[in-house]
Amino acid sequence: MKGVNTLAKIFTKILEITHWVATGIMTGVSICSIAAPQLLKYFMDVEALYTEPEISVYGFEINASDPAGGINLTSLFLFGIGAVVIFILMALIFRNLNLIIKRSENSTPFSPENILSLKKIGIFAIVVPAVGLLMSIIIRMIIGVEATEISINLEGFILGIIVLCLTRFFIHGAELEKDVDGLL
């Protein structure tokens, strides 16, 4: 079991760091799409956007092509803002998961800190598709309904609800553990 915990800690830390790096890259894409589009080539394969204009982050997907040909930089900028927020939320999910694993090695998994971290994971998981939905609405309002093709994946809502339900079981487990400790 100790080997599994070690692997889980390493894996969650790698995923957290990867999401922080992705946050930085998408921040650069967002800034360059408005301030210096010629620098976009350093952050992404711009040529690929001409042939495959769909870009996606955790189910938040847009078509970045411009009806006149080329790339719609405004939609790319707005997508970048949503992607930055989503990457931050995902990094925080993996950070909290890593903390839960670390704390559970030396004490009970039913600690108040773990319960709070689990609750945060559930909330962040629900907010990810909500950010995608909100940004989709904003993009449609700014760019126009005809010029945009948007897709949202709502699996995060379901995952978040499941995690929040598990949080209730952890709260109950903590109460039972407190009762047992009081008896001993």
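In the block above lies the structure referred to throughout.
Read on for a plain summary of the structure.

If you check the backbone angles, Tyr 58 has positive phi at about 45° while not being a glycine. Looking at where Tyr 58 falls in the secondary structure, it is placed in the loop between β1 (54-57) and β2 (60-63). Judged by relative accessible area, Tyr 58 falls into the partly exposed class, the value being 40%.

Taken as a whole and assessed by the stated rule, the structure comprises two aromatic pairs. Note on Phe 60 and Phe 79: the rings are 5.1 Å apart at their centroids and 25° apart in plane angle, and the pair reads as stacked. Taken together, the residues Phe 60 in strand β2 and Phe 79 in helix α3 (residues 73-106) connect sequence positions 19 residues apart. For the pair Phe 60 and Phe 79, a shared accessibility class is recorded, and that class is buried.

This part takes up the side chain of Asn 96. Along the chain, Asn 96 turns up in helix α3. A polar side-chain atom of Asn 96 sits 2.9 Å from the main-chain carbonyl oxygen of Leu 92. In this structure Asn 96 touches Ser 117, Lys 120, Ile 121 and Phe 124, once residues within four positions along its chain are discounted.

All right, on to the side chain of Ser 30 then. Along the chain, the position of Ser 30 falls in helix α1 (residues 2-35). Within the structure, Ser 30 has its side chain in polar contact with the backbone nitrogen of Ile 81 (distance 3.5 Å). Non-local contacts of Ser 30, meaning those with residues more than four positions away in its chain, are made with Phe 77, Gly 80 and Ile 81.

The subject of this paragraph is the packing of α3 against helix α4 (residues 112-143). Orientation of α3 relative to α4, taken along the N-to-C sense of each, is 175°, at an axis distance of 9 Å. Put simply, α3 runs roughly antiparallel to α4. Grouping the amino acids of the contact of α3 with α4 by side-chain chemistry returns 23 nonpolar, eight polar and three charged.

Per the counting criterion, the structure on display carries two salt bridges. The shortest N-O distance in the salt bridge between Lys 9 and Glu 105 comes to 3.0 Å. Pair noted here: Lys 9 is in helix α1 and Glu 105 is in helix α3, with a separation of 96 residues, a long-range link. A residue is classified by how much of its surface remains accessible, and Lys 9, at 21% relative accessible area, is partly exposed. One salt bridge connects Glu 16 with Lys 13, and the closest N-O pair in it is separated by 2.9 Å. Taken as a pair, Glu 16 and Lys 13 lie in helix α1 at a separation of three residues, close to a single helical turn. Since its relative accessible area comes to 32%, Lys 13 is described here as partly exposed.

This paragraph deals with α3. With 34 residues, α3 extends 50 Å between its outermost C-alpha atoms, agreeing within 8% with the 50 Å of an ideal straight helix rising 1.5 Å per residue. N-cap assignment for α3: the residue whose side-chain oxygen lies 3.1 Å from the backbone N of Thr 74 is Asn 72.

Once that is clear, we can look at the nonpolar core. Core analysis: the largest hydrophobic core is formed by 34 residues, its most contacted members being Met 26, Phe 60, Phe 79 and Ile 86. If you list the elements that add at least two residues to this core, you get α1, β1, β2, α3 and α4. Tallying contributions element by element places α3 first for this core, with 12 residues.

Rules and cut-offs
- Within any chain, residue numbers begin from 1 and follow the written order of that chain's sequence.
- Note on the predicted model: pLDDT of at least 70 is required for a residue's local features to be given, and 80 or more for side-chain atom pairs to be given and counted; whole-chain, interface and lining totals, by contrast, use all residues.
- Side-chain metrics in this entry use all non-hydrogen atoms of the structure; hydrogen atoms and water are not considered.
- To qualify as a helix, a DSSP run of H or I must reach at least 4 residues; to qualify as a strand, a run of E must reach at least 2; elements of each kind are numbered from the N terminus.
- Accessibility here uses a 1.4 Å probe with only protein chains present; expressed as a share of the type maximum, an area under 20% marks a residue as buried, one over 50% as exposed, and anything in between as partly exposed.
- For Phe, Tyr and Trp, where Trp contributes only its six-membered ring, two rings pair if their centres lie within 6.5 Å, and the inter-plane angle classes them as stacked under 30 degrees, edge-to-face over 60, or tilted in between.
- Think of a polar contact as two N or O atoms within 3.5 Å of one another; within protein, one of them needs to be a possible hydrogen donor and the other a possible acceptor, and neighboring residues in sequence only count if both atoms come from side chains.
- Whether two residues are in contact is decided by their heavy atoms, any of which lying within 4.5 Å being enough.
- Throughout, an axis means a line fitted to C-alpha atoms (over the contacting stretch in the case of helices), and angles, computed between N-to-C directions, take values from 0 to 180 degrees.
- Under this scheme an angle from 65 to 115 degrees is roughly perpendicular, one under 35 degrees roughly parallel, and one over 145 degrees roughly antiparallel; angles in between are oblique.
- The residue classification treats Ala, Val, Leu, Ile, Met, Phe, Trp, Tyr, Cys and Pro as nonpolar and Asp, Glu, Lys and Arg as charged. All others, Gly included, are polar.
- In what follows, salt bridge is the name for a side-chain nitrogen of Lys or Arg lying within 4 Å of a carboxyl oxygen of Asp or Glu.
- The length a helix should cover is 1.5 Å for every residue beyond the first.
- The term nonpolar core refers to a set of buried residues drawn from Ala, Val, Leu, Ile, Met, Phe, Trp, Tyr and Cys, joined through side-chain atoms within 4.5 Å.

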